[in-house]
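Coordinate analysis (summary)
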Amino acid sequence: MRSIPAFAVVKAAGGRADVATSALSMLKLGDVPEPELPTRDWVRVKPNLSGICGSDLAAISGHISLYLDPLTSYPFVPGHEVVGELEDGSRVVIEPALGCVVRGVDPPCPRCAEGRPGLCYNVTEGPIEVGLQTGYCAGTGGGWGEVLVAHPSQIHAIPESLSDEAAVLIEPFACCVHAALRGGAGKDDIVVVSGAGTIGLLTVAAVRLFTPPKRLIAIAKHPTQRDLARKLGADQVIVPADVYQRVRFATGARRLDGMNRPLLLGGADVTFECVGRADSLNDAVRYTREGGTVVAVGMPGEEKVDWAPIWQRELTVTGAYAYGSEPKHKGKRTFDLALDAAAEMHLDELTGPLFGLGEYRDAITYAMSAGRLGAVKVAFDLRRLRA
Amino acid sequence: MARPGAVIEVDRNTPPVLFHFGEGIRLEKLPLGARIVYPPDPLDPIAHPERAIKRALAKPMEDDPLKSLLRRGMKLTIAFDDLSLPLPPMAAPDVRQLVMEEVIDMAAEAGIEDLHIIAALGLHRRMTEDELRHIVGERIFSTFHPDRLYQHDGEDPENNVYIGKTAEGEDVTLSRRAAESDLVVYVNLTLVPMDGGHKSMSTGLASFRSIRAHHNAKTLLASRSYMNPPDSALHHSCIRQGQLIEDTVRVFHIETTVNNHAFPAIASFMQKRETDWTAQDQAMFLATKQMTDIAPVAFKRNVFHAMRAPYGLTSVQAGQVDAVHDQTLDAVRKQLTVRVEGQTDIVTLGVPYLGPYNVNSAMNPILVVCMGLGYLFNFYRNKPVLRKGGVLILTHPCRYEFDAVQHPSYIDYYDEVLADTTDPIEIEKKYEMRFAEDPWFRQLYRKSHAYHGIHPHYAWIWAAHAMEHAGDVIFVGADRDVVHRLGFKCATTLEDAFEMAEQTVGRYPSVTHLRMPPIMLADVE
């Protein structure tokens, strides 16, 4: 629910898990009416698993950018990383973007016409409330509830061989596939992926699969993350403290040490910034080479970033949000690319632990420390409710 | 008269023996029957070094007197060894200063105006002005620096020339100034048998292209040891290169040797055998031990690195390089040699705070290996003191600690290369050119005070022979993670290390402790 006092309390507490999940917070567990089908062609989906995303945690802990506030309708049921079942029992994953097709806006806006529903500017139109995605829209329900509604264009059938635990990662993986294609690394490039949470790790995998570079360096803080980054395709895994030393050596750059932090003359060709925090962003724009590209993948908040390196190095700083159709793959849907690739990836190894909805406080507390605790994707298991 | 070196067998009355432990010291009790090898006492120094220098220049070996080689209008270059020796740095005046002052005076008398003085540092780091001043003295420094007293730059494309190939196909390059001089006077200080001779010019004034001909794993593995030039493939290669250099430019060699009086009065207990310690030595030991046990590392380092050795000149000879160097080696061996009967299952060594490549900086883990498994292990003739497959036990804290100014490429070598493999030959195949050609390392070597990018590899392969020879290497009191990265084992105490070693060499092993520094050369029968 939208509550300025609750937001202020959580923010004042620094987003601490106990406060962010307390009675004073914006997050409540309770019974709400099932969302109604906006039009006859929409369908009901019963979530099996629903992931806890970094953006969910940012919203709950008050770290989220207020830029997104007017793009959200309240109260909403969170959860946009969803694998669920249709009424006929078939298993599907949900592509959450609420663009023109979903909203029944015709002709579509130019961005949707390009196949980029994440950039739709008709997110206020149609039979549902304002919202960029399922899970941030009052009218659709979300994955952290027993039922949500989805437009058929949001539905992707999943093969029998893909477990729920793997399928719950299709949405974030699609984001990362889109990011990798946005970054467009070439085979002679040196690529850095900063951060090794779900998005960082899946970006490593996506870059390796879709735009394999000369060298792929992952920055990971925790031991489990480092092991997974290697498994998913990083040539080299480094800790944040060593980033300048390691990227310098890998790229043959020159390093200058300044009063606050170093910079490289030269550096990585493409950097995927999957942390979204000031420290990481400020480093990224200093170790990415002049004329290079920094792709913001992890959802950033209102962070203080020194723009001088971006200006002086003529960096291309670009966002990579959501998914759509990928021109570099003949307009194929990003979700389909992700689904095709997932078959061989053992994504289920990244999922867990699973919590019931009633354990939401524990789940969120766990998810906030996932990296330290050796977890990647913490999720709610809604199958238990139906059992 | 100075006592020769000695081999003492440990009995019930033998006091604990001193082990160097980086910027610290320890006393360790060795098992009964173990041997302790002590270096010879310092030889008596030459009473009047200036006179000896004048005499050597006036009556050179297989060459004309220096004075007769000097003439007005000629292009004269003096090259000298850098601060990597002696260790610790010599108390002023450095013997190189005395020699150079004499040569410069003679050049001035001859009316020579075109005189350059070059620090022949090869791929070592550039010295700071203070370090340079310490070696050459204030008079030379203020007269010639910076225009005519400068440091060799092995990466300067304009100022190095290609001379040719040896019969074995080794490339030879040389400082352009040296190559274009009418006469090069090389002023050397030989502390150990590895130094001097043809190696001075062929490494000191060369570039990577030239140096890599002998600074490689294959050559080092065939140098047994590089402290005994006749058995050293490294030196054979340097000789071939040096002969080509001598065909190109007229060189007059001046070599000096010093005794092994390595420690000043305040640390005289380090110089002496434990049985010779006086009450004052024991007090100094205790005070030093207390200080090193509790003081911060930076403080200890400053104290140790401020030490200057009261070395005394033991010989000076000049003339043709081979004749000169033979005499130099005789003088060095006279000072350093200790006869040791037979090899041993276990050799223990205390690695001190200082090696050739960390003057005024931390001894990083790669340099610890270079010092312990490189230099200290290789101080032998005929056969290593350690039997093939034996266990080498070293004491050093071996912290993850690097000097970012002096050793930037060492950090990457440790973090990236040694994480991949510790095999010198494999490393060379995969990483040699990457480190050698890294533009940032090149720039730091040329403009800052950094060792050349390839230098950590040289430090590593310096230990290649010991790595191949030893069945196991155990570090006592070291950082466990660091030692494992280096590919060795770690023990908390010397007793634990002996117990671990028994798994490799069997029960009741023979043990020999090489009580260095001061340094010695074990002549193993």
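Keep in mind it's a predicted model, so treat the numbers as computed, not measured. (Residues numbered from 1 in each chain as written. Chains lettered and ligands numbered in written order. Predicted model: local features only at pLDDT ≥ 70, side-chain atom pairs only at ≥ 80, totals over all residues.)

Side note on the overall build of chain B
Along its length, chain B carries 21 helices and 20 strands. Against the compact-globule benchmark of 24 Å for 525 residues, chain B has a radius of gyration of 22 Å, which places it among compact chains. C-alpha extents for chain B along the principal axes are approximately 70 × 55 × 45 Å. Per-residue burial for chain B yields a buried fraction of 57% across its 525 residues. A fraction of 79% describes how many contacts in chain B between residues 6 or more apart in sequence connect residues 24 or more apart. (Helix = DSSP H or I, 4+ residues; strand = E, 2+ residues; numbered from the N terminus. Rg over C-alpha atoms; globule rule 2.2 N^0.38 Å. Buried ≥ 20, exposed ≤ 12 C-beta atoms within 10 Å, placed from the backbone. Contact = placed C-beta atoms within 7 Å.)

With respect to the overall build of chain A
Check the secondary structure of chain A and you find 16 helices and 17 strands. Its C-alpha atoms give chain A a radius of gyration of 20 Å, near enough to 21 Å, the size a compact globule of 387 residues would have. Each of the three principal axes of chain A carries a C-alpha extent, and together these read 60 × 50 × 35 Å. The 387 residues of chain A split such that 53% are buried. Considering only contacts within chain A whose residues lie at least 6 apart along the sequence, 66% involve residues at least 24 apart.

Section: the packing of helix α1 (residues 49-58) of chain B against helix α3 (residues 95-109) of chain B
Residues and elements named next belong to chain B. With their axes 10 Å apart at the nearest point, α1 and α3 run at an angle of 50 degrees to one another. Taken together, the axes of α1 and α3 lie oblique to each other. The way α1 lies across α3 gives a crossing that is right-handed. Where α1 abuts α3, its residues P49, E50, I53, K54 and L57 lie against V95, L98, V99 and E102. Class assignment for the residues of the contact of α1 with α3 results in 6 nonpolar, no polar and 3 charged. (Axes fitted to C-alpha atoms, helices over the stretch in contact; angles between N-to-C directions. Parallel < 35°, antiparallel > 145°, perpendicular 65-115°, else oblique. Left-handed = near helix turned anticlockwise from the far one by under 90°. Nonpolar A, V, L, I, M, F, W, Y, C, P; charged D, E, K, R; others polar.)

What to know about the sheet that holds strand β18 (residues 489-491) of chain B
All names here are of chain B. Overall, mixed pairing links the 7 strands, which are arranged β1-β4-β19-β14-β16-β17-β18 in an open sheet. Because the sheet does not close on itself, it has two edges, and the strands there are β1 (6-9) and β18. Neighbour-to-neighbour, the strand axes of the sheet open up by a mean angle of 25 degrees, direction not taken into account. In terms of strand pairing, strand β16 (residues 386-395) meets strand β17 (residues 472-476) through 5 bridges, oriented parallel. Looking across to β17, one finds that L392 is bridged to V473. Running at roughly 170 degrees to β17, helix α21 (residues 494-505) makes contact with β14 (344-350), β16, β17 and β18 of the sheet. (Pairing = 2+ DSSP bridges.)

Details of the domain arrangement of chain A
Residue and element names in this part refer to chain A. Here the domain parsing of chain A yields domain 1 (4-157 + 346-386) and domain 2 (179-321). Between domain 1 and domain 2, the residue contacts involve 14 residues of the former and 14 residues of the latter. Those elements that provide at least two residues to the side of domain 1 that touches domain 2 are α3 (54-61) and α15 (370-373). Across the side of domain 1 that touches domain 2, the residue classes break down as 5 nonpolar, 7 polar and 2 charged. (Domains from an automatic or database assignment.)

Examining the domain arrangement of chain B
Residue and element names in this part refer to chain B. Structurally, chain B comprises domain 1 (6-41 + 336-524) and domain 2 (49-258). Between the C-alpha centres of domain 1 and domain 2 there is a distance of 28 Å. With 30 residues of domain 1 at the interface, the matching set in domain 2 holds 28 residues. Elements with a contribution of two residues or more to the side of domain 1 that touches domain 2: β15 (380-381), α16 (424-437), α17 (439-447), α18 (455-461) and α19 (464-469). If one sorts the elements of the side of domain 1 that touches domain 2 by residue count, α16 sits on top with 4 residues.

Digging into unusual backbone geometry
The omega angle of the peptide bond from Y74 of chain A to P75 of chain A is -15 degrees, so this bond is cis rather than trans. The amide bond that connects L87 of chain B to the next residue, P88 of chain B, takes the cis arrangement and shows omega of -15 degrees. Structurally, P88 of chain B is set in the loop between β5 (75-81) and α3. Even without a glycine there, the phi angle at E314 of chain A is positive, about 50 degrees. Of note, E314 of chain A is situated in the loop between α12 (308-312) and β13 (316-319). A positive phi angle, close to 50 degrees, is found at Y508 of chain B, a residue other than glycine. With respect to the secondary-structure elements, Y508 of chain B resides in the loop between α21 and β19 (511-514).

Quick notes on the sheet that holds β15 of chain B
Residue and element names in this part refer to chain B. Strand order in the open sheet formed by 3 strands is β13-β20-β15, and the pairing between neighbours is parallel. Two strands bound the open sheet, and with one partner strand each, they are β13 (337-340) and β15. By the bridge criterion, 4 bridges tie β13 to strand β20 (residues 521-524) in an arrangement that is parallel. Its bridge partner lying in β20, R339 is registered against D523.

Brief notes about the pairing of strand β6 (residues 114-120) of chain B
All names here are of chain B. With 5 of 7 residues buried, β6 lies mostly within the body of the structure. Strand direction decides the pairing type here: β5 and β6, joined by 7 bridges, are parallel. The residue of β6 that forms the bridge with K75 is D114. Read from β5 through α3 to β6, the crossover connection turns out right-handed. Summarising the sheet, β6 and strand β7 (residues 149-151) pair through 3 bridges and their orientation is parallel. Of the residues in β7, the one forming a bridge with I117 is L149. (Right-handed = clockwise from strand over helix to strand, strands pointing away.)

Section: the interface of chain B and chain A
With 8 residues of chain B in contact, the opposing surface of chain A contributes 8 residues. Among the elements that take part in the side of chain B that touches chain A, helix α15 (residues 408-420) of chain B stands out by supplying 4 residues, more than any other. Of the residues assigned to the side of chain B that touches chain A, the class counts are 3 nonpolar, 1 polar and 4 charged.

Considering the nonpolar core
With 293 residues, the main nonpolar core has F173, A206 and A218 of chain A together with L392 of chain B as its most contacted residues. Excluding anything up to four places from it in sequence, L392 of chain B contacts V347, L373, F377, L386, A466, A470 and V473 of chain B. (Core = buried A, V, L, I, M, F, W, Y, C linked by C-beta atoms within 7 Å.)

What about the packing of helix α7 (residues 170-183) of chain A against helix α13 (residues 334-342) of chain A?
Residue and element names in this part refer to chain A. Where α7 contacts α13, the axes come no closer than 8 Å and their chain directions differ by 110 degrees. If you check the angle between α7 and α13, you find them roughly perpendicular. Packed against α7, whose contacting residues are I170, F173, A174, V177 and H178, the element α13 presents T334, F335, L337, A338, L339 and A342 at the interface. Classifying every residue of the contact of α7 with α13 gives 9 nonpolar, 2 polar and no charged.

Topic: the environment of G118 of chain A
Residue and element names in this part refer to chain A. Positionally, G118 belongs in the loop between α5 (110-113) and β4 (148-150). The exposure class of G118 is buried, given the 23 C-beta atoms found within 10 Å. With near-sequence residues (within four places) excluded, G118 lies in contact with A97, Y321, A322, Y323 and G324.

Let's talk about the confidence of the model for chain B
Residue-level pLDDT values for chain B average 96, and 100% of them are 70 or greater. The ipTM assigned to the predicted complex is 0.78, against a pTM of 0.88. (pLDDT = per-residue confidence, 0-100.)

Observations regarding the environment of M270 of chain B
All names here are of chain B. Structurally, M270 is set in helix α10 (residues 268-271). In the structure, M270 is positioned 188 residues away from D82 in sequence and 25 Å away in space, judged by C-alpha atoms. When neighbours within four sequence positions are excluded, M270 is seen to be in contact with L18 and F263.

A look at the environment of R176 of chain B
All names here are of chain B. With respect to the helices and strands, the residue R176 is situated in helix α5 (residues 176-179). Residue R176 is classed as partly exposed on the basis of its 14 C-beta neighbours within 10 Å. Residues R176 and A206, spaced 30 residues apart in sequence, show a C-alpha to C-alpha distance of 9.8 Å. If sequence neighbours within four positions are ignored, R176 has contacts with N159, N160 and V161.

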